[in-house]
Amino acid sequence: MDIGSGLIAIAAALAISISALGVGIGQGNAAASAMEAMARQPEQAGNLRTNMILALGLMEALAIYGLLIAFMLLSKI
């Protein structure tokens, strides 16, 4: 294993870790804001829940993109 493949492995690890970290923070903020909004207006809880789940799914797609980049990098080794 030469230095180039080691750097590719580190790049793959960074790709998935940074994307997962960013998505985790974003999902936490979105969920906290949705819970606060549901507490303020309980009659809108169903609508808020639907929008929150849709937003969380879109955020999770970013983590999947990071995983895809990591797999693409690891295929170079």
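Just above, that's the structure.
What counts as what
Residues numbered from 1 in each chain as written. Predicted model: local features only at pLDDT ≥ 70, side-chain atom pairs only at ≥ 80, totals over all residues. Heavy atoms only, no water. Helix = DSSP H or I, 4+ residues; strand = E, 2+ residues; numbered from the N terminus. Rg over C-alpha atoms; globule rule 2.2 N^0.38 Å. Buried < 20%, exposed > 50% of the residue type's maximum accessible area, 1.4 Å probe, protein only. Contact = heavy atoms within 4.5 Å. Areas by Shrake-Rupley, 256 points an atom, 1.4 Å probe, with all protein chains shown as cover. Axes fitted to C-alpha atoms, helices over the stretch in contact; angles between N-to-C directions. Parallel < 35°, antiparallel > 145°, perpendicular 65-115°, else oblique. Nonpolar A, V, L, I, M, F, W, Y, C, P; charged D, E, K, R; others polar.

Novice: Help me understand the overall build of the protein, please; the structure alone is not making it clear to me.
Specialist: When its secondary structure is counted, the protein shows two helices and zero strands. Over its C-alpha atoms the protein spans a radius of gyration of 18 Å, topping by over 25% the 11 Å that the globule rule assigns to 77 residues. Burial analysis of the protein (77 residues in total) assigns 17% to the buried set. When contacts within the protein are restricted to residue pairs at least 6 apart in sequence, long-range pairs at least 24 apart make up 79% of them. Looking at the protein as shown, the accessible area adds up to about 5400 Å², and 72% of this sits on carbon and sulfur atoms.

Novice: Would you mind going over the packing of helix α1 (residues 3-40) against helix α2 (residues 45-74) with me for this structure?
Specialist: Describing two packed helices takes the angle between their axes plus the distance from one axis to the other. As a packed pair, α1 and α2 sit with axes 8 Å apart at the nearest point and diverge in direction by 175 degrees. On the basis of their axis angle, the class for α1 and α2 is roughly antiparallel. Here the residues of the contact of α1 with α2 are counted per class, giving 25 nonpolar, four polar and two charged.

So, to be careful, I would describe these as geometric facts and stop short of saying anything about function.
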